[in-house]
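Descriptive analysis of the structure
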Amino acid sequence: MTNRRASVVDALHKKYGPVVRLSPNELSFACREAVRPIYGHQTTCIKAPVYEIFGRPSSFLMRDVREHRQRQRRIAHIFSVTSLRQMEPLVQSVIDRTVNTIEMRASNAVDTLHWCRMMALDVAGEVLMGRNFGAFDGEGQAPVFVKYLDNAALSYCLQAMAPGLFRLLGLLPLEKLQSFLASSRNVYAYGQNAFDEYIKLNGRTSARPTLLTKLIAGNPEKGIEPLSDEEITVEVSNLTFGAVDTTSITATYALYRLCCHPVWQTRLREEIRKSRPSRDDFSYTTLQNLPILNAVLVETMRLHPPLPNGLLRETTAPITTIAGLDLPAKVRTVTQVLRDGHVLTRYRRPLCPCRRGPRRETQPASPTRTRLTRAVGSTPTAPSIQAPRSRTT
Ligand code: HEM
């Protein structure tokens, strides 16, 4: 809850090596060989019990492998490239609003995290809930839904770490406390309300290009029935939850890193200008082939993983052997993703000079660095600047 878990675990790995026992039944790994047995396709690990606490069951939270596979099968079509391309005009309209808003305020300091969050929120609203959140209407004031999101994340953490205390707090007749505890219910109530309104306005067979429309329709071509209305509202609420902070943190840090490196800003701008036939063509087809843009985003996520605490899993069968350890069933495992861990990637030397880590010339160069260097020459240096504080996701 203090937002320090990732750095504390990172420090423990530095002191004790690639395996750290975080609690009697929980191991943290900071070695590449742990990734495949814990997260790979053939893994026998499942999501840890803590996923049951983080809201109502949807594809994000389902622990049972068969149930999860079935759910993924039923929603996969909405994430196909064809489907996502149809969302581009909606996304573009929100991006335009974001750029206009930031440009209007550019003569003063701009709270980039706030506006990136508003951007991610309205994109999620448009494509998942069929209406935006009016995130740009509040003159810098976030819609109340953001408060629900923030409080829900905190209350889930409290529930996970101190379930007894959480239940006790639920009994106290304090209005503010009860509204805090109700925040996750409010997230789902919002989703339900958006869904009901959408059906009232557009019916069930609308041609509106949203992911919600596609969820409501199912995938008749493949004989896939739509989910029930309740399942859809939970799915879109949880997807909104999962999409907003991940995207906005990444966008904010990418902008921050570009501010640290004006040379890269220029190079990126040139790359985009050259590749784009018209102002309105920021299509996936164009953007996916821009090496500098993609390298900047990958490097940003390496330096600032939006989910720095890692993804907790549980073994369902014994695993032989990770980092010299044999694991029995029912052990909780997590891998360390924080940048300083480095060990999960082949990256040994951070690209961004603001974050200089130990320099190890003998190690292989970062693929991101290599791609960037190949594309535009050697890496420029920049003065060290204090990084913004990461949000909890
Ligand atoms: C930079 C942005 C994002 C990052 C870093 C990110 C990260 C992740 C991670 C780490 C997982 C695995 C979660 C777990 O196993 O517990 C995940 C799963 C997923 N994410 Fe994202 N995500 C991002 C944006 C989005 C967006 C915008 C959407 C779309 C609404 C989305 C939809 C999903 C879905 C559907 C899953 C699979 C859930 C499942 O079936 O297990 N993500 N994402």
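Our structure is the block above this text.
Residues numbered from 1 in each chain as written. Predicted model: local features only at pLDDT ≥ 70, side-chain atom pairs only at ≥ 80, totals over all residues. Heavy atoms only, no water.

Topic: the pattern of salt bridges
This structure, assessed with the given rule, holds 16 salt bridges. Notably, a salt bridge pairs E26 with R332, separated by 3.6 Å at the nearest N-O pair. Of this pair, E26 sits in strand 2 (residues 26-29) while R332 sits in strand 7 (residues 332-335), placing them 306 residues apart in sequence. You can call E26 buried: its relative accessible area is 7%. We note a salt bridge from E299 to R302, for which the minimum N-O separation is 2.9 Å. One end of the pair, E299, and the other, R302, are both in helix 15 (residues 291-303), three residues apart, so they sit about a helical turn from each other. Here E299 matches R302 in class, with each residue buried. (Salt bridge = Lys/Arg side-chain N within 4 Å of Asp/Glu carboxyl O. Helix = DSSP H or I, 4+ residues; strand = E, 2+ residues; numbered from the N terminus. Buried < 20%, exposed > 50% of the residue type's maximum accessible area, 1.4 Å probe, protein only.)

Details of the site of the ligand
Taken together, the neighbourhood of the ligand is formed by 16 residues, with K47, Y51, H68, Q72 and R313 sitting nearest. For the ligand, an oxygen atom lies 2.5 Å from a polar atom in the side chain of Y51. Looking at the shell around the ligand, the element that brings in the most residues is helix 12 (residues 229-260), giving five residues. Tallied by class, the residues present in the shell around the ligand amount to eight nonpolar, six polar and two charged. (Near = heavy atom within 4 Å. Polar contact = N/O pair within 3.5 Å; in protein donor to acceptor, adjacent residues only side chain to side chain. Nonpolar A, V, L, I, M, F, W, Y, C, P; charged D, E, K, R; others polar.)

Topic: helix 1 (residues 5-16)
Along an α-helix, residues three or four positions apart point the same way, because every turn accommodates 3.6 residues. Here helix 1 spans 16 Å end to end across twelve residues, near enough to the 16 Å set by a 1.5 Å rise per residue. A6, V9, D10 and H13 are the residues of helix 1 that are buried. Projection of helix 1 onto a plane perpendicular to its axis shows the buried side chains occupying an angular sector of 105 degrees, all on one side. Every exposed residue of helix 1 that faces more than 90 degrees away from the buried side is listed here: K14, K15 and Y16. (Expected span 1.5 Å × (residues − 1). Arc of directions from axis to C-beta.)

Such coordinate-based values are descriptive only and should not be taken to indicate function.
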